[in-house]
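Single-letter residue listing:
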Amino acid sequence: MGARARQYFIIVFSFLTFLALSSAFQGKKQYKPCKSLILFFHDIIYNGKNAANATSAIVAAPEGANLTILAGQFRFGNIAVFDDPITLDNNLHSKPVGRAQGLYVYDTKNTFTAWLGFAFVLNSTDHQGTINFLGADPILTKSRDISIVGGTGDFFMHRGVATIMTDAFEGDVYFRLRVHIKFYECW
Amino acid sequence: MGARARQYFIIVFSFLTFLALSSAFQGKKQYKPCKSLILFFHDIIYNGKNAANATSAIVAAPEGANLTILAGQFRFGNIAVFDDPITLDNNLHSKPVGRAQGLYVYDTKNTFTAWLGFAFVLNSTDHQGTINFLGADPILTKSRDISIVGGTGDFFMHRGVATIMTDAFEGDVYFRLRVHIKFYECW
Amino acid sequence: MGARARQYFIIVFSFLTFLALSSAFQGKKQYKPCKSLILFFHDIIYNGKNAANATSAIVAAPEGANLTILAGQFRFGNIAVFDDPITLDNNLHSKPVGRAQGLYVYDTKNTFTAWLGFAFVLNSTDHQGTINFLGADPILTKSRDISIVGGTGDFFMHRGVATIMTDAFEGDVYFRLRVHIKFYECW
């Protein structure tokens, strides 16, 4: 092997090793998102008086509860259906970039927790597509993680984790969530 | 390096590069399903009179609505539970190859949209296993995509996207969906 | 190429081929979990009399049913919300290692089946994090599989399959599920 051949060989070797390694460990243990975005959504719960503004409604409740007053034991058993505006900042009146649609289920008797199943339907110049979320939400915890289990359009086949923070909570009527979307599988 | 060694080297180089590249870009950006199938399912909503035939029922509704008449504002807040026959063609009376089971949630006040969470439970000579779906369904759009987030049996660990089209819609009682299942992760 | 160079070349070639191949076929067709655990959870359904002990409640039911007596046709249409203790063994009174939270939906008229959407929220010295489940549950089948579609914390981005067995069933009030969690994608 001549000097040039050896040099060439070393370059090829390094390149292939890099490719093979980066492929073998593709996305593992490094926990760095391949794509991320921060969005807010705004939920106004129907309370019997705010039909015009409400973006969500309680549609199921345990025995003895009704559909306008949230259930007594930390809302245990309430299912709410929502269609909430998504915005780029924390202002309810900013131009929506999409809708958060699905349901939340209050599922603990002795504290506030919910099970979430919903989609972000994004329809803006920046993003076209849907993102599907699923997960347990221990509401009183400052920052909590749910799963991003799939996507369509711009988010075709994406998976990841979303970190949720309650950005505002006003009585029983309004709350705003900050959603930090971190994709770890991008296509 | 002799001519033969060089030739050998080039072949090995090409082969390794091909492997490394095809591995690095494994399944990415090509968007070609590793498996696909087209199925139909048929939903007959209980309306208070069709108990014998109905395959789904409204089980939750917002305040002021009831469980046999779909809710007033584009059905906002209705949750329906279903157990619908799946067929290979668009004929309700074809031999079912499985059941579509789960729920749909009408979630917009000013148009028809739903959030879907359901499974296909397939049990035929061709397919044994389940496929789990999740997603936003803008019902009035001709063709819309939801996520396939997992599977079992023949569809063990599969992921993909399903393109849904409303194949028929008869009043408030019957609809038929055509589901084009496209798996992009097969095991 | 000298003898040593050739030897070196062969080693590099083998190593790279191994890496490339093991990467190309990464985890496919071998069906061996990268992580697995067996857990139990315990569900005590509210029946109008056991408010103190109940861990779940029916919150939706079809027309004609109510929220304390499970619906007539194999509970078709009932949605139950639950917050059930998870234990390492089959003893309801063992120290819980977390909570199973979410909902089950009875979805067949002529047999017992359910659609499940729930999370395991684990909080013990061994495990910190959540696991998200989704799937069809043909309750009367001894062993059935549902999908694990995501996770957070210790189960960050994990996917897999869970094999569920009804470990005990006492009337309409108590059941215990054995959940064999098998992750096939670990991060």
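Our subject is the structure listed above.
Now for a description of the structure that goes with this document. (Residues numbered from 1 in each chain as written. Chains lettered and ligands numbered in written order. Predicted model: local features only at pLDDT ≥ 70, side-chain atom pairs only at ≥ 80, totals over all residues. Heavy atoms only, no water.)

**Regarding the overall build of chain A**
Consideration 1: Within chain A, the secondary structure is distributed over one helix and nine strands.
Consideration 2: Helices and strands in chain A line up, N terminus first, as α-β-β-β-β-β-β-β-β-β.
Consideration 3: The buried share of chain A, taken over its 187 residues, is 57%.
Consideration 4: Contacts in chain A between residues far apart in sequence, at least 24 positions, make up 48% of those at least 6 positions apart.
Consideration 5: Per element, the accessible surface of chain A, about 7800 Å² overall, is 57% carbon and sulfur. (Helix = DSSP H or I, 4+ residues; strand = E, 2+ residues; numbered from the N terminus. Buried < 20%, exposed > 50% of the residue type's maximum accessible area, 1.4 Å probe, protein only. Contact = heavy atoms within 4.5 Å. Areas by Shrake-Rupley, 256 points an atom, 1.4 Å probe, with all protein chains shown as cover.)

**A look at the packing of aromatic side chains**
Working definition: an aromatic ring pair is given by the centre-to-centre distance plus the angle between the planes.
Consideration 1: The full count for this structure, using the stated rule, is 49 aromatic pairs over all chains.
Consideration 2: Here the aromatic rings of phenylalanine 156 of chain A and tyrosine 31 of chain B are separated by 4.3 Å at their centres, their planes lie at 25°, and the arrangement is stacked. With phenylalanine 156 of chain A in the loop between strand S7 (143-153) and strand S8 (159-170) and tyrosine 31 of chain B in the loop between helix H1 (3-24) and strand S1 (35-44), the pair connects residues from two separate chains.
Consideration 3: Phenylalanine 156 of chain A sits in the buried class, given a relative accessible area of 9%. (Phe/Tyr/Trp six-rings, centres within 6.5 Å; stacked < 30°, edge-to-face > 60°.)

**Regarding the state of the cysteines**
All names here are of chain A.
Consideration 1: If you walk through the whole model with that rule in mind, you get three disulfides over all chains.
Consideration 2: The partner cysteine of cysteine 34 in its disulfide is cysteine 186, sulfur to sulfur 2.1 Å. Taking the torsion about the S-S bond as the criterion, the cysteine 34 to cysteine 186 disulfide, at about 90°, is right-handed. With a gap of 152 residues between them, cysteine 34 in the loop between helix H1 (3-24) and strand S1 (35-44) and cysteine 186 in the segment after strand S9 (174-185) connect regions that are remote in the sequence. (Disulfide = S-S within 2.5 Å.)

**Concerning the layout of surface pockets**
Consideration 1: For the second largest pocket, the calculated volume is near 630 Å³.
Consideration 2: Along the walls of the second largest pocket sit 32 residues, with Gly98, Arg99, Gln101, Val121 and Asn123 of chain A positioned nearest its centre.
Consideration 3: Broken down by secondary-structure element, the contributors of at least two residues to the lining of the second largest pocket are strand S3 (79-87), strand S4 (98-106), strand S5 (114-123) and strand S6 (128-137) of chain A together with strand S6 (128-137) and strand S7 (143-153) of chain B.
Consideration 4: Counted by class, the lining of the second largest pocket contains 11 nonpolar, 15 polar and six charged residues. (1 Å grid on protein atoms, 1.4 Å probe; cavity = no way out; pocket = protein on both sides within 12 Å on 5 of 7 lines; lining within 4 Å. Points joined across faces, edges and corners; volume = space filled by probe spheres on them. Nonpolar A, V, L, I, M, F, W, Y, C, P; charged D, E, K, R; others polar.)

**A word on the environment of aspartate 84 of chain A**
Residues and elements named next belong to chain A.
Consideration 1: Considering the arrangement of structural elements, one finds aspartate 84 in strand S3.
Consideration 2: Note on aspartate 84: relative accessible area 0%, which makes it buried.
Consideration 3: In this structure, the C-alpha to C-alpha distance between aspartate 84 and isoleucine 44, residues 40 residues apart in sequence, is 7.9 Å.
Consideration 4: Within the structure, the side chain of aspartate 84 is placed 2.6 Å from the side chain of threonine 55, a separation counted as a polar contact. (Polar contact = N/O pair within 3.5 Å; in protein donor to acceptor, adjacent residues only side chain to side chain.)

**Remarks on the nonpolar core**
Consideration 1: Counting residues in each nonpolar core, the largest one holds 45 residues, and the members touching the most others are Ile79 and Leu103 of chain A, Ile79 and Leu103 of chain B together with Ile79 and Leu103 of chain C.
Consideration 2: Setting aside residues no more than four positions away along its own chain, leucine 103 of chain A makes contact with Ile79, Ala80, Val81, Phe82, Trp115, Leu116, Gly117 and Phe118 of chain A together with Ile79, Val105 and Trp115 of chain B. (Core = buried A, V, L, I, M, F, W, Y, C linked by side-chain atoms within 4.5 Å.)

**Regarding the pairing of S7 of chain B**
Consecutive side chains along a regular strand alternate between the two faces of the sheet.
Residues and elements named next belong to chain B.
Consideration 1: With eight of 11 residues buried, S7 is to be regarded as a mostly interior element.
Consideration 2: As judged from the six bridges shared by S6 and S7, these two strands associate in the antiparallel manner. Bridge pairing in S7 links leucine 134 to serine 147.
Consideration 3: The hairpin formed by S6 and S7 contains five residues between the paired strands.
Consideration 4: The sheet contact formed by S7 and strand S8 (residues 159-170) spans six bridges and is antiparallel. Within S8, the position partnered with isoleucine 146 by the bridge is alanine 162.
Consideration 5: Counting the residues that bridge the hairpin from S7 to S8 gives five residues, and of these methionine 157 lies at a positive phi of roughly 65°. (Pairing = 2+ DSSP bridges.)

**Considerations on the side chain of arginine 159 of chain C**
Consideration 1: With respect to the secondary-structure elements, arginine 159 of chain C resides in strand S8 (residues 159-170).
Consideration 2: With a relative accessible area of 1%, arginine 159 of chain C lands in the buried category.
Consideration 3: Here methionine 157 of chain B takes part through its backbone oxygen, which lies 3.0 Å from a polar atom of the side chain of arginine 159 of chain C.

**Describing the pattern of salt bridges**
Consideration 1: With the rule as written, the count across this model stands at 18 salt bridges over all chains.
Consideration 2: The closest approach of N and O atoms between aspartate 83 of chain C and arginine 99 of chain C, which form a salt bridge, is 3.1 Å. Of this pair, aspartate 83 of chain C sits in strand S3 (residues 79-87) while arginine 99 of chain C sits in strand S4 (residues 98-106), placing them 16 residues apart in sequence.
Consideration 3: A relative accessible area of 30% places arginine 99 of chain C in the partly exposed class.
Consideration 4: Its salt-bridge partner being arginine 176 of chain C, residue aspartate 167 of chain C comes within 2.8 Å of it at the nearest N-O pair.
Consideration 5: Taking relative accessible area as the criterion, aspartate 167 of chain C reaches 30% and is therefore assigned partly exposed.
Consideration 6: Overlapping salt bridges, with partners in common, bring together Arg159 and Glu185 of chain A, Arg159 and Glu185 of chain B together with Arg159 and Glu185 of chain C in one network. (Salt bridge = Lys/Arg side-chain N within 4 Å of Asp/Glu carboxyl O.)

**Topic: the environment of serine 36 of chain C**
All names here are of chain C.
Consideration 1: Among the structural elements, serine 36 can be located in strand S1 (residues 35-44).
Consideration 2: Residues serine 36 and valine 161, spaced 125 residues apart in sequence, show a C-alpha to C-alpha distance of 9.8 Å.
Consideration 3: Filtering out sequence-adjacent residues up to four positions away, serine 36 remains in contact with His180, Ile181 and Lys182.

**Comments concerning the environment of asparagine 66 of chain C**
All names here are of chain C.
Consideration 1: Among the structural elements, asparagine 66 can be located in the loop between strand S2 (56-60) and S3.
Consideration 2: Using a relative accessible area of 36% as the deciding quantity, one classes asparagine 66 as partly exposed.
Consideration 3: Counting along the chain gives 59 residues from asparagine 66 to glutamine 7, while the straight-line C-alpha distance between them is 78 Å.

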